[in-house]
Amino acid sequence: MIEGLNRINDYLFKYIFGRQESKDILLSFLNSVLSPAGEDELTDISLSDRELDPEHLKDKLSRLDILGVANDGSIINIEVQIANEKNIDKRTMFYWAKIYQSQLQSGMFYKDLARTLTINVLNFSFLPDAQRYHSMFSLYEAHSGLRLNRDLEIHFLELEKWKALSTKPRTRLDKWLMYLSNTDPEGLEEIAMSEPAIGKALTAEEIFLKNDKERYLYEMREKAMRDHLSAMDNAKTEGIERGKTEIILSMLKKGLSLKMIAEVTDLPIEQIEAIRNHQLS
């Protein structure tokens, strides 16, 4: 077991959960969220392009962590959030709306719109209930509690709350949260025996870390996230921008593409090009 590994580093997370060849890992995780006690709800999933093109040039480009279409037609988006930027409620509604709206192509009817789910994996406490680490939101009538339909479904998994309970994992979801939070590396061996997909995830991450390029990108993503957290804490914008520039220049020297650098740093390609051009001038 690997101690100190940040499994919610979104670059590593996408490698473990976001590849078609390892979709059984993703399905196990999704069913632990959607079917915690019953029969698996999903039996297959096809991964989709994660970029939602803006309709207008001024629209924000939405780059999703993981996006897929399940066997029942449901569209599922998984987002990993390291830092609390105080906007996760509006951010998740924006992404959900973009995905839901993008389904309706010419000639289609509203009845053809599929259930759209977002699962947010948070590394911080967001909702006020200190005990509930898995919450689900939908559209309900305010007085009777009647659910309008199943099309809107937003889940929050709060890792900090789960870790604070300091309990042994009881459900499949608990086991996955233990894996993601890396709270007990030695205990994962026993967990992997009862949840084979977690064992496959552990094997996949070992392969990932033995690849020099993948490990380098993981470490650059870690540095970028640390710089971002430092910026939030200290508001030392100038120093943080300098740190981002150093990361970009390091990756350019490694010969990485602008698209790959944008993926790791969460910066627009235009900004990366500007830094590259400035360095060459």
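Worth saying up front: this structure is predicted, and the values here are computed from it rather than measured.

Sorry, what's going on with the nonpolar core here?
With 64 residues, the main nonpolar core has Phe17, Ile78 and Tyr179 as its most contacted residues. There are two domains that each give this core at least three residues, and those are domain 1 (10-210) and domain 2 (231-279). Ignoring sequence-local partners within four residues, the contact set of Phe17 consists of Ile25, Leu26, Phe29, Ile66, Trp176, Tyr179 and Leu180. Among the nonpolar cores identified, the runner-up in size contains 10 residues, and Ile88, Tyr100, Phe124 and Phe156 belong to it.

Hey, could you run me through the environment of Leu258 in this one?
Its place among the elements puts Leu258 in helix H10 (residues 258-265). The exposure class assigned to Leu258 is buried, which follows from its relative accessible area of 18%. For the pair formed by Leu258 and Glu273, sequence separation is 15 residues and the distance between their alpha carbons is 7.5 Å.

How should I be thinking about the sheet that holds strand S7 (residues 134-137) in this particular structure?
Sheet strands pair by backbone hydrogen bonding; their relative direction is either parallel or antiparallel. What the six strands build is an open sheet, ordered S1-S4-S5-S6-S8-S7; its pairing is mixed. This sheet does not close on itself; its edge strands, each paired only once, are strand S1 (45-47) and S7. In this sheet, adjacent strand axes meet at a mean angle of 20° when their direction is disregarded. Bridge count for strand S6 (residues 116-122) against strand S8 (residues 152-158) is seven bridges, and the pairing is parallel. Its bridge partner lying in S8, Asn120 is registered against Phe156.

What exactly am I supposed to notice about the pattern of salt bridges here?
One pass over the structure, following the stated rule, counts 17 salt bridges. With a shortest N-O distance of 3.6 Å, Lys14 and Asp65 are connected by a salt bridge. With Lys14 in helix H1 (residues 10-17) and Asp65 in the loop between strand S3 (62-63) and strand S4 (66-70), the pair connects residues that are 51 residues apart, well separated along the chain. Taken together, the shared-partner salt bridges connect Glu41, Asp72, Arg115, Arg147, Arg150 and Glu153 into one network.

Help me understand the pairing of strand S5 (residues 75-81), please; the structure alone is not making it clear to me.
Two faces make up the sheet, and in a regular strand the side chains alternate between them. Most of S5 sits inside the fold, with seven of its seven residues counted as buried. Pairing of S4 with S5, which is carried by four bridges, proceeds in the antiparallel orientation. Counted as the bridge partner of Ile66 is Ile78 from S5. Linking S4 back to S5 in an antiparallel pair, the connection comprises four residues, with Gly73 at a positive phi of about 90°. As paired strands, S5 and S6 are joined by seven bridges and run parallel to one another. For Asn77, the partnering residue across the bridge sits in S6 and is Thr118. In this fold, S5 hands off to helix H3 (residues 88-102), which returns the chain to S6; that crossover is right-handed.

Looking at this structure, how should I read a nonpolar patch on the surface?
Taken together, the side chains of Leu104, Met108 and Tyr110 make up a nonpolar region of the molecular surface, amounting to roughly 310 Å² of accessible area. Examined against the element boundaries, Leu104 turns out to sit in the loop between H3 and S6. Given the relative accessible area of 30%, Leu104 is considered partly exposed.

Mind showing me how you'd approach the packing of aromatic side chains here?
What characterises a pair of aromatic rings is the spacing of the ring centres plus the angle enclosed by the ring planes. Scanning the model with the defined rule gives 12 aromatic pairs in all. Look at Phe137 and Phe156: their rings are 5.8 Å apart centre to centre, the planes differ by 85°, and that puts the pair in the edge-to-face class. Taken together, the positions of Phe137 in strand S7 and Phe156 in strand S8 put the pair 19 residues apart, joining distant regions of the chain. By relative accessible area, which is 4% here, Phe156 ends up buried.

The rules we used
- Residues numbered from 1 in each chain as written.
- Predicted model: local features only at pLDDT ≥ 70, side-chain atom pairs only at ≥ 80, totals over all residues.
- Heavy atoms only, no water.
- Core = buried A, V, L, I, M, F, W, Y, C linked by side-chain atoms within 4.5 Å.
- Buried < 20%, exposed > 50% of the residue type's maximum accessible area, 1.4 Å probe, protein only.
- Domains from an automatic or database assignment.
- Contact = heavy atoms within 4.5 Å.
- Helix = DSSP H or I, 4+ residues; strand = E, 2+ residues; numbered from the N terminus.
- Pairing = 2+ DSSP bridges.
- Axes fitted to C-alpha atoms, helices over the stretch in contact; angles between N-to-C directions.
- Salt bridge = Lys/Arg side-chain N within 4 Å of Asp/Glu carboxyl O.
- Right-handed = clockwise from strand over helix to strand, strands pointing away.
- Patch = residues over 30% accessible without salt bridge, like charges linked within 9 Å, V, L, I, M, F, W, Y side chains within 5 Å.
- Areas by Shrake-Rupley, 256 points an atom, 1.4 Å probe, with all protein chains shown as cover.
- Phe/Tyr/Trp six-rings, centres within 6.5 Å; stacked < 30°, edge-to-face > 60°.

Worth remembering: the numbers are spatial, not functional.
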